[in-house]
Number of protein chains: 2
Amino acid sequence: MTITFIGSGNVATHLAEACTHAGFTIKQIWSRSIEHANEITKKFGGVAIDNYADVLPADVFIVSINDDGIAQLPMNLPIGESLIVHTSGATHLSVFEGRFINYGVLYPLQTFSKSRTVDFREVPLCIEANNAANYELVNDLAKKLSDVVHSVDSNSRSVLHLAAVFVCNFTNYLYASGEQLLEEQKIDFNLLRPLIMETAKKVQIMSPALAQTGPAVRGDEQTILRHLQMLDDHPQLWKMYALISAAIKTTSI
Amino acid sequence: MTITFIGSGNVATHLAEACTHAGFTIKQIWSRSIEHANEITKKFGGVAIDNYADVLPADVFIVSINDDGIAQLPMNLPIGESLIVHTSGATHLSVFEGRFINYGVLYPLQTFSKSRTVDFREVPLCIEANNAANYELVNDLAKKLSDVVHSVDSNSRSVLHLAAVFVCNFTNYLYASGEQLLEEQKIDFNLLRPLIMETAKKVQIMSPALAQTGPAVRGDEQTILRHLQMLDDHPQLWKMYALISAAIKTTSI
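Everything numeric here is computed off the predicted structure, so don't read it as measured data.

### Observations concerning helix α6 (residues 193–205) of chain B
Next up, step 1: Within α6(B), burial applies to B:Arg193, B:Leu195, B:Ile196, B:Met197, B:Glu198, B:Thr199, B:Ala200, B:Lys202 and B:Val203.
Next up, step 2: Here the buried face of α6(B) lies against α5 (154–184) and α6 (193–205) of chain A together with α5 (154–184) and α7 (208–211) of chain B.

What follows is the structure, encoded as structure tokens:
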């Protein structure tokens, strides 16, 4: 089976690797940046292109570009009756309606960085398709890539994606904020790393609502005030601290 | 060596367990709630008390209560020349100045829940004392409990504690927010758990500043707008989403 990728970002890179491991042939990697496309083809084969006019037919097309770009995909690509899927959490299946024949979604619910190896067989894949036959095609593809495949419709997927922004993207921003606060005082971020791991491990078996600790849930008002004073020179972190502490206080169990 | 705990919360419970494993004898557990004190003495020995007048001499006193309460500890406790340490991240060493003779701090930089077992030997302990001799006492004690002992002064400890609130307490609140968003749509929180683990694992080896992913850092404005619309009925989450996304955009690399 030949697979062409539209896109060369983190998700495309990790999916291309998983496809190669599954025995599929990478046919082409399209990217606005031929250098980025080359980075993938160097590792996993296929031909790098940066012009939509150069796209050739393939068995499966995987569209893994900026959410805003999926709706702007040219309609004259040689997709024909091949399967085309996008990998976006936030984009409705119907983005392909009336533009392609056989289409679906293959959304990997994971955070990817190019420099980091992920065991793709553990990555939850949320899949959807425009009819039962195509669902089976997407399902077969997904199961060759991962052991964790879920049927998720567009509405549920958009909620999952929103929740993922909170538990992953925003969480990482909080990690970065902690790192910055320590750097300013020349304190080693390594001291916080075990805490970050344990915070994540706890909620693998507990409900986060029951795992809440810290000054806000304990009602340590003096500590909260001191922390806000310490953030006087960090207006964004000050606002975040005040907002999240107030939220924890009102939802505490 | 006999140890008395003032306090019976999560930290006291896990420290009492670690002290028992290290071969120390728990003498008394003081708590405002005799039931809470009993929970610890049942497991790890010692006598539960709920009246400061009943505190007996011991070799070491570990004060593990609400931050606001440490400064209000009665001065007529029979501490004498025994070592007294508090376990608070936010409370200055000087809280004990002029009130006790030999004192220090033993701050476990970890999140504890009573129902969750932690390998205490991996918990970073930040220690400090009012003189070199007491530092050695606290250091000896700490090393019997954990393999990760750091000398951290009160100012650095307060910054570490503030950063810990961001990477642990606030992060857990984001997990709980994700859980709530899914629950409202009857979506299984298990789908998010691998993402939570990977987000934490990534920053064990990468700088979080380099690990940032998601709509805000990618500049997916349409997705951000859709997410804000989805949060219309959640004013606190709406504000958090807007604030953190704006912060990610301004600090993106």
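### So, the interface of chain B and chain A
Next up, step 1: The interface of chain B with chain A comprises 93 residues on the first partner and 93 residues on the second.
Next up, step 2: When residues of chain B are sorted by the area they lose upon contact with chain A, B:Arg116, B:Phe166 and B:Leu191 head the list and together hold 8% of the total.
Next up, step 3: Here chain B is connected to chain A by 2 salt bridges.
Next up, step 4: Remark: the boundary between chain B and chain A carries 32 residue pairs in polar contact (both at pLDDT 80 or more).
Next up, step 5: Mapped by element, the contributors of at least two residues to the side of chain B that touches chain A are α3 (67–70), α5, α6, α7, α8 (215–218), α9 (221–230) and α10 (235–251) of chain B.
Next up, step 6: Looking at which element gives the most residues to the side of chain B that touches chain A, the answer is α5(B), with 25 residues.

### Quick look at the relation of the copies chain B and chain A
Next up, step 1: Between chain B and chain A, the superposition needs a rotation of 180° and an axial shift of 0.0 Å, giving an RMSD of 0.0 Å. Taken together, these values place the two copies in the relation of a two-fold axis. Identified as the residue of chain B closest to the rotation axis by C-alpha distance is B:Thr171, at 2.7 Å.
Next up, step 2: Both copies present the same face, since 100% of the interface residues in chain B are matched by interface residues at the equivalent positions in chain A.

### Some remarks on the sheet that holds strand β1 (residues 2–6) of chain B
Residues and elements named next belong to chain B.
Next up, step 1: Here 8 strands make up an open sheet; going across it, the order is β3-β2-β1-β4-β5-β6-β7-β8 and the pairing mixed. One side of each edge strand has no neighbouring strand; the edge strands of this open sheet are β3 (47–49) and β8 (149–151). Here the average twist between neighbouring strands, direction ignored, is 25°.
Next up, step 2: As defined by bridge partners, β1 adjoins strand β4 (residues 60–63) across 4 bridges and the pair is classed as parallel. The residue bridging isoleucine 6 from the neighbouring strand is valine 63, located in β4.
Next up, step 3: Packing against the sheet, helix α1 (residues 10–21) makes contact with β1, β2 (25–30), β4 and β6 (102–108), and its axis sits at approximately 175° to β1.
Next up, step 4: Strands in contact with helix α2 (residues 34–44) are β2 and β3; relative to β3, the strand with the most contacts, it is inclined by about 170°.

### Thoughts on the sheet that holds strand β8 (residues 149–151) of chain A
Residues and elements named next belong to chain A.
Next up, step 1: With mixed pairing, 8 strands are arranged side by side in an open sheet as β3-β2-β1-β4-β5-β6-β7-β8. Strand pairing shows two members of the sheet lacking a second neighbour, β3 (47–49) and β8, which therefore form its edges. Strand-to-strand twist across the sheet, computed as the mean angle between neighbouring axes with direction ignored, equals 25°.
Next up, step 2: In this structure, strand β2 (residues 25–30) lies alongside β3, joined through 3 bridges in parallel fashion. Directly across from glutamine 28, in β3, lies its bridge partner valine 47.
Next up, step 3: This element, helix α2 (residues 34–44), spans β2 and β3 of the sheet and lies at about 170° to β3.
Next up, step 4: Contacting β1 (2–6), β4 (60–63), β5 (83–86), β6 (102–108), β7 (125–129) and β8, helix α4 (residues 132–145) crosses the sheet at an angle of about 160° to β7.

### Quick look at the pattern of salt bridges
Residue and element names in this part refer to chain A.
Next up, step 1: According to the stated counting rule, one finds 10 salt bridges over all chains in the structure shown.
Next up, step 2: Among the salt bridges present, the one from glutamate 128 reaches arginine 157, with a minimum N-O distance of 2.8 Å. A residue pair is termed long-range when its members are at least 10 positions apart, and glutamate 128 in strand β7 and arginine 157 in helix α5 qualify at 29 residues. A single burial state applies to glutamate 128 and to arginine 157, both of which are buried.

### Let's talk about the packing of aromatic side chains
Next up, step 1: All told, the structure shown has 14 aromatic pairs over all chains when counted by the stated rule.
Next up, step 2: With 4.2 Å between their ring centres and 5° between their planes, A:Trp30 and A:Tyr52 make a pair best called stacked. Pair noted here: A:Trp30 is in strand β2 and A:Tyr52 is in the loop between β3 and β4, with a separation of 22 residues, a long-range link.
Next up, step 3: Note on A:Tyr52: relative accessible area 23%, which makes it partly exposed.
Next up, step 4: A ring pair is formed by A:Phe166 and B:Tyr241, whose centres lie 6.0 Å apart and whose planes are at 55°; its orientation type is tilted. Of this pair, A:Phe166 sits in helix α5 while B:Tyr241 is found in helix α10, placing the two residues in two different chains.
Next up, step 5: Through a chain of ring-to-ring contacts, the aromatic side chains of A:Phe96, A:Phe100 and A:Tyr103 assemble into a single cluster.

### Looking at the environment of A:Ala12
Residue and element names in this part refer to chain A.
Next up, step 1: Along the chain, alanine 12 falls in helix α1 (residues 10–21).
Next up, step 2: Owing to a relative accessible area of 0%, alanine 12 belongs among the buried residues under this scheme.
Next up, step 3: Apart from the residues lying within four places of it in its own chain, the contact partners of alanine 12 are Phe5, Gly7, Ile40 and Ser64.

### Focus on the confidence of the model for chain A
The predicted coordinates ought not to be read in detail in places where the model reports low pLDDT.
Next up, step 1: Put simply, chain A has an average pLDDT of 95, and 99% of its residues get 70 or more.
Next up, step 2: Predicted complex metrics record ipTM = 0.90 and pTM = 0.89.

Reading the values: rules and limits
Residues numbered from 1 in each chain as written. Chains lettered and ligands numbered in written order. Predicted model: local features only at pLDDT ≥ 70, side-chain atom pairs only at ≥ 80, totals over all residues. Heavy atoms only, no water. Buried < 20%, exposed > 50% of the residue type's maximum accessible area, 1.4 Å probe, protein only. Helix = DSSP H or I, 4+ residues; strand = E, 2+ residues; numbered from the N terminus. Contact = heavy atoms within 4.5 Å. Buried area = accessible area lost by both parts, 1.4 Å probe. Salt bridge = Lys/Arg side-chain N within 4 Å of Asp/Glu carboxyl O. Polar contact = N/O pair within 3.5 Å; in protein donor to acceptor, adjacent residues only side chain to side chain. Least-squares fit on C-alpha atoms with pLDDT ≥ 70 in both. Pairing = 2+ DSSP bridges. Axes fitted to C-alpha atoms, helices over the stretch in contact; angles between N-to-C directions. Phe/Tyr/Trp six-rings, centres within 6.5 Å; stacked < 30°, edge-to-face > 60°. pLDDT = per-residue confidence, 0-100.

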